[in-house]
Amino acid sequence: MSTQIRDLPKAPPSPDWSVSGMQTTGANGQARVDIRVTGRVTGKIDQGGGTDAVRVSLWDDGEEKDFKVVPVPLGATAVVDVRLGFSGRYDDTAGGIGITVVHGSHAGAQALFALDPFFPKDVQAGAKPEA
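It should be emphasised that the depicted structure is a prediction, and the values quoted were computed from it without experimental measurement.

S.K.: Explain the side chain of Arg55 residue by residue, including any values.
M.R.: You can see Arg55 is positioned in strand β3 (residues 51–60). Arg55 sits in the buried class, given a relative accessible area of 7%. At 3.4 Å, the side chain of Arg55 forms a polar contact with the side chain of Ser57. Those residues in contact with Arg55, other than ones at most four positions away along the chain, are Glu64, Phe67, Lys68, Val69, Thr100, Val101, Val102, Gly104, Ser105, His106 and Ala107.

S.K.: Please set out the side chain of Asp52 residue by residue, giving values where relevant.
M.R.: Residue position: Asp52 is located in strand β3. Although Asp52 is buried, it makes no salt bridge; Lys44 carries the closest opposite charge, 7.3 Å away. Other than its neighbours up to four places away in sequence, Asp52 contacts Thr42, Gly43, Lys44, Ile45, Gln47, Val70, Pro71, Val72, Leu74, His103 and Gly104.

S.K.: Before we move on, can you summarise the nonpolar core with the specific residues and values?
M.R.: In this structure, Ile35, Val37, Ile97, Ile99 and Val101 are the most contacted members of the largest nonpolar core, which totals 21 residues. Among the secondary structure elements, those contributing two or more residues to this core are β1 (17–25), β2 (31–42), β3, β5 (77–87), β6 (97–103) and β7 (110–118).

S.K.: I'd like to hear about the sheet that holds β3, residue by residue, with values.
M.R.: Consider a sheet: its strands pair through backbone hydrogen bonds, and that pairing is either parallel or antiparallel. Read from one edge of the open sheet, 4 strands run β4-β3-β6-β7, paired in antiparallel fashion. On the outer flanks of this sheet lie β4 (63–73) and β7, each paired with one strand and no other. On average, each strand axis in the sheet is inclined to that of its neighbour by 10 degrees, with strand direction left out of account. In the sheet, β6 pairs with β7 via 6 bridges, with the strands oriented antiparallel. Bridging from a neighbouring strand, His103 pairs with Gln110 of β7.

S.K.: Describe the pairing of β2, listing the residues and the values that go with them.
M.R.: Sheet analysis places β1 next to β2, joined by 9 bridges and oriented antiparallel. The residue bridging Ser18 from the neighbouring strand is Thr38, located in β2. In this structure, the hairpin formed by β1 and β2 is closed by a connection of 5 residues, where Gly29 is found at a positive phi of approximately 90 degrees. Taken together, the 11 bridges between β2 and β5 define a ladder with antiparallel strand orientation. By the bridge assignment for β5, Arg36 is matched with Arg83.

Rules used in this analysis
Residues numbered from 1 in each chain as written. Predicted model: local features only at pLDDT ≥ 70, side-chain atom pairs only at ≥ 80, totals over all residues. Heavy atoms only, no water. Helix = DSSP H or I, 4+ residues; strand = E, 2+ residues; numbered from the N terminus. Buried < 20%, exposed > 50% of the residue type's maximum accessible area, 1.4 Å probe, protein only. Polar contact = N/O pair within 3.5 Å; in protein donor to acceptor, adjacent residues only side chain to side chain. Contact = heavy atoms within 4.5 Å. Lys, Arg positive; Asp, Glu negative; His and termini not counted. Salt bridge = Lys/Arg side-chain N within 4 Å of Asp/Glu carboxyl O. Core = buried A, V, L, I, M, F, W, Y, C linked by side-chain atoms within 4.5 Å. Pairing = 2+ DSSP bridges. Axes fitted to C-alpha atoms, helices over the stretch in contact; angles between N-to-C directions.

Below, the structure written as structure tokens:
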């Protein structure tokens, strides 16, 4: 049985999204990038079984480093709150990292939100966070 994808009429306007994150560097020079992406989205494209799929991706130097796919029931508005990350430093070739949010389970689906470049806060491991 094939799955039909259809766009429902009168789709809501694009939701607002926020991104926060940090790059932590340890005393040994090892680094890790961790981000959090939050936003509101309404399920509008039937990916099968009455749900939409929203894919949140983290990119660095043209490579998708991490992603999560979040199911959203059709017609329902949900808060998407995703944490993504990767080991290593960002900014090797291009400045910053990229964040994309799309309707669908594959990276090239209909775009909802994109932020490129995003510069995570640089933090040294063991340092006290700012208030």
